[in-house]
Amino acid sequence: MSQSKSGQRNEYLNRRTFAIISHPDAGKTTITEKILLFGGAIQVAGSVKSRKADRHATSDWMAMEQERGISITSSIMQFPYKGRTMNLLDTPGHADFSEDTYRTLTAVDSALMVIDCAKGVEERTIKLMEVCRLRTTPIYTFINKLDREGKDPIELLDEVEDVLKIRCAPITWPIGMGKRLKGVYHFIDDEVLLYEAGKNYETQQAVVIKGLNSPELDEKLGDVAAELREEIELVQGASHKFDKQAYLNGELSPVFFGSAINNFGVQPLLDSFVEHAPEPQPRATTERVVEPDETKCSGFVFKIQANMDPNHRDRVAFMRICSGVFTQGMKLKNSRTGKDIKIPNALTFLAEHRDHVEHAYPGDIIGIHNHGTISIGDSFSETENLQFTGIPSFAPELFRRARLKDPLKLKALQKGLAQLSEEGATQFFRPLISNELILGAVGVLQFEVVAYRLKREYNVEAIFENVDTRTAYWVDTDDDKKMQQFRNKNEMNLAEDAHGHLVYLAPSMVNLQLAQDRHPDIRFHNTTETL
Ligand code: G4P
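Below, the structure is looked at part by part. Since we're looking at a predicted model, the values are computed, not measured.

**Describing the side chain of Ser253**
Logical step 1: Secondary-structure assignment places Ser253 in strand β11 (residues 252-257).
Logical step 2: At 2.8 Å, the side chain of Ser253 forms a polar contact with the backbone oxygen of Ile139.
Logical step 3: Setting aside residues up to four positions removed in sequence, Ser253 forms contacts with Ile139, Tyr140, Thr141, Ile166, Arg167, Cys168 and Ala169.

Given below as structure tokens:
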């Protein structure tokens, strides 16, 4: 079935593709759940957490997530909200999984930042904000847990402005805090929204009082009403006004206060977000900018997950559609390999189950089954050779040697390490002159995750030991003779990665510097991006 141009336009203009970013524990999961609940995608709060528990039962490595209270994988959820189609890309908050989060952020058009009112701006939030700034991603801010005592709201706004270097425009303001929290005042609508505490398992409609000066407010709040009026006047004079263009430029963040767990102030946040968050945006490629309303389909892969179905050993590549309409069974060209692939069984990710899609539009994410033929950063297009830019690859900073408990399992170990490294969180190296297998990662927890998954998914028990490698640089040159000389002289330090690229493993920075000085014709690359 072909789609008319205006049909395609309506579909993509209705998409909102976003991520929620926060320091662990600020309330990202709780907010996600409320969004799904208010959008009607789930019926009862608690489903997102129980979803975690289900996964724990079916795929045991997720138990690590539970034990440590961190979210390891990103997941993708599509659901309707007020007539729009929302694509929510979940991101792990823990620093050791940051490269996954960073890449996921390249696939969104905006973000929602959650801050704990007692803790203020935390370290992960600063990092994530830096990543968003690279692409001037527009940010909404939700200051959470107002049902507990926290920092003064004005102080929190100052902190966000000073630390995150973004102007804040409060849209709602809390009425009280901790046990005294009554609700929020909405600056733009001039409405007071009063909530009832302890109703976290239902969608709760606030009692709405129109106008800050309404006598009803005095009836409901007593002395607090006068205090509130004074405070609002003060805040209005001292803070920035909402400016949509400044928000879209990533210069100003609309700020909402509330308590996710109690549904305080969540609905106004979501309603405003759905109204103002940008639709799918144009994307840069090395050739040209791709507009979402172009007729030909294109997209890029920002994430790979191995063994989503452990019985089939397949990998799912997550592709963001950037233009045109993806149709089930379509042929797309992978610009890295130059090969066309037919995609007959793309997945879409609904809140509660995975399903097959007939069509996907710009802003949507589809999952493509493959057996290792697709890599992170691969770009696909119907006709042209387009390479989308800005999908980061990361230089491993920590190295460990994999040692087998059962030496007969070497093949399975190699296979497992190679397949898991396709996910991009770890890199796998085979030294030229030994049978060792070395794994590089950005965060130390990755080694534990890999060991755990090797056991569960490949039935291989491996231990990761310290190894004398400080840094890894990919090497290449246009001169075959020079490369041969380089190989002969440095065999001890050379390895191949999972794709057969040559890598120099340096025991120290001084050693690396010496190698670079001695071989000026060899190019050293910190990541595979520039190879
Ligand atoms: P995360 O995904 O950002 O890591 O945070 P998550 O939503 O899991 O929330 C972290 C903890 O903070 C959870 O408590 C959650 O219930 C609590 N929380 C979230 N929003 C609010 C809020 O508005 N007020 C208060 N007081 N707490 C909130 P937990 O004890 O770790 O988990 P659980 O046992 O409650 O599930």
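**Re the environment of Thr348**
Logical step 1: Relative to the assigned elements, Thr348 resides in strand β19 (residues 347-349).
Logical step 2: The exposure class assigned to Thr348 is buried, which follows from its relative accessible area of 7%.
Logical step 3: Placed 27 residues apart in sequence, Thr348 and Ile321 show a C-alpha to C-alpha distance of 12 Å.

**Some details on the sheet that holds strand β1 (residues 15-22)**
In a beta sheet, neighbouring strands are held together by backbone hydrogen bonds and run either parallel or antiparallel to one another.
Logical step 1: An order of β2-β3-β1-β4-β5-β11-β6 is seen for the seven strands of this open sheet, with the pairing classed as mixed. If you trace the sheet from one side to the other, it starts and ends with β2 (76-81) and β6 (167-170), each paired once. For this sheet the average axis-to-axis angle between neighbouring strands, irrespective of direction, equals 30°.
Logical step 2: Note that strand β5 (residues 139-144) and β11 share three bridges and pair parallel. Note on β11: the bridge partner recorded for Ile143 is Phe257.

**Brief notes about the pairing of strand β18 (residues 339-343)**
Logical step 1: Inspection of the sheet shows strand β17 (residues 330-334) paired to β18 by five bridges, in the antiparallel sense. When the sheet's bridge partners are listed, Asn334 is paired in β18 with Lys339.
Logical step 2: Connecting β17 to the antiparallel partner β18 that follows it, the hairpin turn spans four residues, and Gly338 within it adopts a positive phi of roughly 75°.

**Comments concerning the packing of aromatic side chains**
Logical step 1: This model, assessed by the stated rule, comprises 16 aromatic pairs.
Logical step 2: Between Phe486 and Phe524 the ring centres are 6.0 Å apart and the planes differ by 85°, which places this aromatic pair in the edge-to-face class. Pair noted here: Phe486 is in helix α14 (residues 480-490) and Phe524 is in strand β31 (residues 523-525), with a separation of 38 residues, a long-range link. Residues Phe486 and Phe524 agree in their burial class; the two are buried.
Logical step 3: One aromatic cluster in this structure is built from Phe18, Tyr140, Phe242, Tyr247, Phe256 and Phe273.
Logical step 4: One Lys or Arg, Lys303, reaches over the ring of Phe318 and ends 5.6 Å from the middle of that ring.

**Thoughts on the side chain of Ser323**
Logical step 1: Among the structural elements, Ser323 can be located in strand β15 (residues 315-323).
Logical step 2: Residue Ser323 is classed as buried on the basis of its relative accessible area of 1%.
Logical step 3: One polar contact links the side chain of Ser323 to the main-chain carbonyl oxygen of Lys296, over a distance of 2.8 Å.
Logical step 4: Among the polar contacts made by the side chain of Ser323, one reaches the side chain of Ser298 at a distance of 2.7 Å.
Logical step 5: Setting aside residues up to four positions removed in sequence, Ser323 forms contacts with Val290, Glu291, Pro292, Glu294, Lys296, Cys297, Ser298 and Pro362.

Criteria and thresholds
Residues numbered from 1 in each chain as written. Predicted model: local features only at pLDDT ≥ 70, side-chain atom pairs only at ≥ 80, totals over all residues. Heavy atoms only, no water. Helix = DSSP H or I, 4+ residues; strand = E, 2+ residues; numbered from the N terminus. Polar contact = N/O pair within 3.5 Å; in protein donor to acceptor, adjacent residues only side chain to side chain. Contact = heavy atoms within 4.5 Å. Buried < 20%, exposed > 50% of the residue type's maximum accessible area, 1.4 Å probe, protein only. Pairing = 2+ DSSP bridges. Axes fitted to C-alpha atoms, helices over the stretch in contact; angles between N-to-C directions. Phe/Tyr/Trp six-rings, centres within 6.5 Å; stacked < 30°, edge-to-face > 60°. Lys NZ or Arg CZ within 6 Å of the ring centre and 35° of its normal.

Take it as geometry only, folks, not as evidence of what the structure does.
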